[in-house]
Amino acid sequence: MMMPSPHRLLESSGGLYYPHLPNLSLPTGKPSRKTLSSRKDASELELPHLVQKYKEEITSTSRLQVENLEDAAITTSPFIDRIGSISEFNDILTALLVANESTLALKLYSDISKHGLSPDSWTFSVILRCHCDKNDVDEAKRVLDNMLHNGLNPNVATFTTLIHAFCKKGKLQKAFQVLESMNTNGCQPSVQTYNCLLKGLCYVGRVEEAFELLQDIKKSAIEPDIYTYTAMMDGFCKVGRSDEAMELLNEAIQTGLKPSVVTFNTLFHGYSKQGRPLEGISVLNKMKQGYCMPDYISYSTLIRGLLIWNKIRAALRVYKEMVESGYEVDERLINNLLRGLCRKYIKDNVLLQDAYQVFDKMRKRAYVIDHSSYNLLVEALSIGKKVEHALLVLQQMISVQEHVPRMSTVNRIIRGFCMQGKLEKAVLVLVIIFGTHKIPTRMSYDLIIQEFNRQGRFLEASNVYSAALVRGTIPNKTPQQVQ
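Predicted model only: the values in this text are computed from it and were never measured.

**A closer look at the overall build of the chain**
Next up, step 1: Scanning the chain for helices and strands turns up 25 helices and two strands.
Next up, step 2: For the chain, buried positions account for 51% of its 483 residues.
Next up, step 3: Contacts in the chain between residues at least 24 apart in sequence constitute 64% of all its contacts with a sequence separation of at least 6.
Next up, step 4: Of the roughly 22500 Å² that the chain leaves accessible, carbon and sulfur atoms contribute 49%.

Okay, here's the thing in structure tokens:
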């Protein structure tokens, strides 16, 4: 038994791939006089000639903007009476469907019998699709049952549309019932049909059943396509079986199929979820061996996984390759990278220059730099004895982004200036913090007072001590006169 899937699988943020349904094609039988099959692809379809003919009675439109049509105008008797055949009626229904006006199409269809028109297979197929678009799969199933009851033969696209809709809602039992009805009525499922079922099984976690279905597909007369393999790979990756997904990729390649970027992106998600993001580097290299070039999602997924598992050097390399390939890194991801680089320096004393270069690029591109990124960069620069740079970043943090720094960050930069004997700059940091209405900690004052004492500057130490008392803080360190 097998299930339907769309012509191509699209990637979502979570790594899921949702198959797109095939374009509806007219049922087998006498072709209608005016069918969409003799026109341009539906994505380029202009308003059917009938609507154009009466547009002065309805409303002008330039690109099938049927959403601008008044309900009353398109559903009133004068307009319907001018439609001479069911094929012309079907053209109008299809135009509404393509324009994402399923509700209006259903309203038009509800009055069909009043005007002497009898629906045919194409009519029912469009109405079924309208119900699926409105997420009313049970009503879509009733339309299918009505077709069969009236002796009409739905085509494979119609069956597949309904199976796909049931799979999206996780109603696998009903999807398989439609498949059974499909076989009973002599309609041979296509590979897209099976792909839908395969993805539906994986979506609800029934991966073993999905794999058995894949084996059945391979034994049948229908050849799996790359979307068949991608759906199964995605299912394996979701349950932590990325190595088996990789085996399927190699099998697909051996059978002559060319993996898509979506296929490879599935593996990036899988290895990251398993805590093995470095495997993604191998996937990236394999990808570039003539199969396809990485896209934005490929790079960002790999970088995100490397950062999550603290593989900062590898993440930096992939980031540089991504930029060289012409892709822009989004604000959230580049903030994550900046924080990762800063933490790496604070821990291991490496990559500080890279961290500052990333920050400088963010600043020049007017990216929003978040509070945590600023704090970590100021701390890293202070530890790295780049306190002048740290002060500039601190000032930008407060003046441009209006962030108030953590006091641990403030104390870090004060300590840095004190260690260099630059007390005027240390006091400046204190003054800057006063301007944010944040109360410095006891340590902030102690660091400065201690260094003034060390330099024998009793008066300045006394001033700082007094400033602390005025603000309700009693420092541990007190001004000391040199004997």
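**A word on the environment of I303**
Next up, step 1: The topology assignment puts I303 in helix α16 (residues 296-308).
Next up, step 2: By relative accessible area, I303 is classed as buried at 1%.
Next up, step 3: Residues I303 and F268, 35 residues apart in the sequence, show an inter-C-alpha distance of 9.6 Å.
Next up, step 4: In contact with I303, not counting residues within four places along its chain, are A315, V318, Y319, M322 and L333.

**Observations regarding helix α18 (residues 331-348)**
Next up, step 1: Under the 1.5 Å per step criterion, the end-to-end length of α18 is 25 Å for 18 residues, consistent within 8% with the ideal 26 Å.
Next up, step 2: L333, I334, N335, L337, L338, R339, G340, L341, C342 and Y345 are the residues of α18 that are buried.
Next up, step 3: Looking one or two residues past α18, N349 carries a phi angle of roughly 60°, positive in sign.

**Digging into the pattern of salt bridges**
Next up, step 1: Counting across every chain of the model gives 27 salt bridges.
Next up, step 2: Here D234 ties to K199 by a salt bridge, and the two come within 2.1 Å at their closest N and O atoms. You can see D234 sitting in helix α12 (residues 226-238) and its partner K199 sitting in helix α10 (residues 191-203), a full 35 residues away along the chain. The two residues D234 and K199 agree in class, both being buried.
Next up, step 3: The salt bridge partner of K344 is D348, with a shortest N-O separation of 2.9 Å.

**Notes on the packing of aromatic side chains**
Next up, step 1: Per the counting criterion, the structure on display carries five aromatic pairs.
Next up, step 2: Measuring from ring centre to ring centre gives 5.6 Å for F211 and F236, while their planes differ by 50°; the resulting arrangement is tilted. With F211 in helix α11 (residues 207-219) and F236 in helix α12, this residue pair connects regions lying 25 residues apart in the sequence.
Next up, step 3: A relative accessible area of 2% means that F236 is categorised as buried.
Next up, step 4: An angle of 70° between the planes, with centres 6.1 Å apart, marks the rings of F359 and Y374 as edge-to-face.

**What about the packing of α12 against helix α13 (residues 242-254)?**
Next up, step 1: At a closest axis distance of 8 Å, the pairing of α12 and α13 adopts a crossing angle of 170°. With respect to their mutual orientation, α12 and α13 come out roughly antiparallel. Considering how the two elements wind past one another, α12 and α13 form a crossing that is left-handed. In this structure, α12 uses I226, Y229, M232, M233, F236 and C237 to contact α13, whose residues at the interface are S242, E244, A245, L248, L249, E251 and A252.

**Focus on the nonpolar core**
Next up, step 1: Within the largest apolar cluster, 135 residues are counted, with the highest numbers of intra-cluster contacts made by I163, M232, L267, I414 and I448.
Next up, step 2: Residue contacts for I448: discarding those within four places in its chain leaves I414, C418, L423, A426, V427, L430 and V464.

**Here's the deal with the confidence of the model for the chain**
Next up, step 1: When pLDDT is averaged along the chain, the result is 85; 83% of the residues meet or exceed 70.
Next up, step 2: Low confidence marks residues 1-72, where pLDDT is under 50. Its contacts with residues over four positions away, or in another chain, come to 190 contacts.

**Points about the side chain of S373**
Next up, step 1: Position of S373 among the secondary structure elements: in helix α20 (residues 371-383).
Next up, step 2: The buried category is assigned to S373, whose relative accessible area is 1%.
Next up, step 3: Those residues in contact with S373 that sit more than four places away from it in its chain are N335, L338 and R339.

**Considering the layout of surface pockets**
Next up, step 1: Space inside the second largest pocket adds up to approximately 250 Å³.
Next up, step 2: If you go around the second largest pocket, the residues you meet are R304, L307, I308, N310, I312, R332, N336, R339, G340, R343, K344 and K347.
Next up, step 3: Of all elements in the fold, only α16 and α18 reach the threshold of two or more residues within the lining of the second largest pocket.
Next up, step 4: Per-element accounting of the lining of the second largest pocket gives the leading share, seven residues, to α18.
Next up, step 5: Its residues placed into classes, the lining of the second largest pocket shows three nonpolar, three polar and six charged.

**Things to note about unusual backbone geometry**
Next up, step 1: Of note in the backbone geometry, L351 takes a positive phi value of approximately 70° without being a glycine.
Next up, step 2: Mapped onto the elements of the fold, L351 is located in the loop between α18 and α19 (352-364).
Next up, step 3: A relative accessible area of 12% means that L351 is categorised as buried.
Next up, step 4: In this model, E402 sits at a positive phi of 60°, which is unusual for a non-glycine residue.
Next up, step 5: As for its placement among the helices and strands, E402 is situated in the loop between α21 (387-399) and α22 (407-419).
Next up, step 6: On the basis of relative accessible area, E402 is assigned to the exposed category, the value being 66%.

What counts, and where the lines are drawn
- Residue indices begin from 1 for each chain and proceed along its sequence in written order.
- Only residues with pLDDT of at least 70 get local features here, since the model is predicted, and only at 80 or more are side-chain atom pairs given and counted; chain-wide, interface and lining totals rely on the full set of residues.
- Based on all heavy atoms of the structure, the side-chain values leave hydrogens and waters out of the count.
- A run of DSSP states H or I qualifies as a helix once it reaches four residues; a run of E qualifies as a strand once it reaches two. Both are numbered from the N-terminal end.
- Note on classification: 1.4 Å probe, protein chains only; a residue is buried when its accessible area is under 20% of the maximum for its type, exposed when over 50%, partly exposed between these limits.
- Contacts between residues were defined by any pair of non-hydrogen atoms, one from each residue, lying within 4.5 Å.
- Residue burial considers only the protein chains on display, and all accessible areas are found by Shrake-Rupley using a 1.4 Å probe.
- The span expected for a helix works out to 1.5 Å for each residue beyond the first.
- When a carboxyl oxygen of Asp or Glu lies within 4 Å of a side-chain nitrogen of Lys or Arg, that pair is called a salt bridge.
- Ring pairs shown here join Phe, Tyr and Trp side chains whose ring centres sit within 6.5 Å, with only the six-membered ring taken for Trp; geometry is labelled stacked below 30 degrees between planes, edge-to-face above 60, and tilted in between.
- Every axis in this analysis is a line fitted to C-alpha atoms, fitted for helices over the stretch in contact. Angles between the N-to-C directions lie between 0 and 180 degrees.
- An angle below 35 degrees is read as roughly parallel, one above 145 as roughly antiparallel, one from 65 to 115 as roughly perpendicular, and any other as oblique.
- Rotating anticlockwise by less than a right angle from the far helix to the near helix defines a left-handed crossing, while the corresponding clockwise rotation defines a right-handed one.
- Buried residues of nine kinds, namely Ala, Val, Leu, Ile, Met, Phe, Trp, Tyr and Cys, make up a nonpolar core once their side-chain atoms join them within 4.5 Å.
- Predictor confidence is given residue by residue as pLDDT, running from a minimum of 0 to a maximum of 100.
- Both site types are read off a 1 Å grid over the protein atoms alone. A 1.4 Å probe that fits but cannot get out defines a cavity, while an open set with protein on both sides within 12 Å along at least five of seven lines defines a pocket; lining residues have an atom within 4 Å of a point.
- Grid points are joined across faces, edges and corners, and a volume is the space filled by probe spheres set on the points.
- Nonpolar residues are Ala, Val, Leu, Ile, Met, Phe, Trp, Tyr, Cys and Pro. Charged residues are Asp, Glu, Lys and Arg, and all others, Gly as well, are polar.

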